[in-house]
Amino acid sequence: MNEPGGGAAGADALPLTDAQLDHLRHELHRQQSALRTELRRMTGSLADVREARSDASADDEHDPEGPTLSSEWSRIAGVTDELERSVAATGAALERLAAGTFGTCIRCGRQIGFGRLDARPSAALCITCARLA
């Protein structure tokens, strides 16, 4: 599966074509929209748990049927943090696209192969540098 421009990274990766850039731009915008929607949903869930935790009558620690409010808070907070990082990475990729540096590894400066970018459009590192990170 090493088609022209499809290599993972390095000297053999070809520059991205306009069609590939358009495809990746569309995918980044789609992902950004989906991530923001999910982030809003999780932020709302976090607010709900925060409200329930502040309710003096909530006795979740003795409910054997479900998770405690503390564990639910931790779970939602972790997912929210990951979503925020993904939104930031997608935004940074869109900024690189606008600046004309998209598809170039931010560490070594080599071309990132289309195959890697197609699988992970927000990738800022070539596969070689990503393995070292």
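Bear in mind that the values here come from a model prediction, so they are computed numbers and not experimental data.

Scoring rules and cut-offs
- One numbering rule holds for all chains: residues counted from 1, following each sequence as written.
- Predicted model: local features are reported for residues with pLDDT of at least 70 only, side-chain atom pairs are reported and counted for 80 or more only, and whole-chain, interface and lining totals are derived from all residues.
- The side-chain values count all of the structure's non-hydrogen atoms but skip hydrogen atoms and water molecules.
- Strands are runs of DSSP state E lasting at least two residues, helices are runs of H or I lasting at least four, and both sets are numbered from the N terminus onward.
- The criterion used for residue contact is that any of the two residues' heavy atoms lie within 4.5 Å.
- Computed by Shrake-Rupley with a 1.4 Å probe, the accessible areas treat only the displayed protein chains as cover when residues are assessed.
- Any pair of nitrogen or oxygen atoms within 3.5 Å is treated as a polar contact; in protein, a donor-acceptor pairing is required on top of that, and neighbouring residues in sequence qualify only through side-chain atoms on both sides.
- Buried residues of nine kinds, namely Ala, Val, Leu, Ile, Met, Phe, Trp, Tyr and Cys, make up a nonpolar core once their side-chain atoms join them within 4.5 Å.
- Accessibility here uses a 1.4 Å probe with only protein chains present; expressed as a share of the type maximum, an area under 20% marks a residue as buried, one over 50% as exposed, and anything in between as partly exposed.

Novice: Can you lay out the overall build of the protein for me, pointing to particular residues and giving the numbers?
Specialist: Helix and strand counts for the protein stand at four helices and zero strands. Contacts spanning at least 24 positions in sequence make up 61% of the contacts within the protein whose residues lie at least 6 apart. In the structure as shown, the protein presents an accessible area of about 8100 Å², 53% of it carried by carbon and sulfur atoms.

Novice: Account for the environment of R116, with residues named and values stated.
Specialist: Along the chain, R116 turns up in helix α3 (residues 114-119). Placed 11 residues apart in sequence, R116 and I127 show a C-alpha to C-alpha distance of 7.5 Å. Within polar-contact distance, the side chain of R116 engages the backbone oxygen of L125 at 2.8 Å.

Novice: Which residues make up the nonpolar core, and what values do they have?
Specialist: Core analysis: the largest hydrophobic core is formed by 16 residues, its most contacted members being L16, L24, L28, L97, F102, C105 and L117. Among the secondary structure elements, those contributing two or more residues to this core are α1 (18-54), α2 (69-99) and α3. Sequence-distant contacts of C105, defined by excluding residues within four places in its chain, comprise R110, I112, A124, L125, C126 and C129. Counting 10 residues, the second-largest nonpolar core is a separate cluster that includes L39, V49, L83 and V87.

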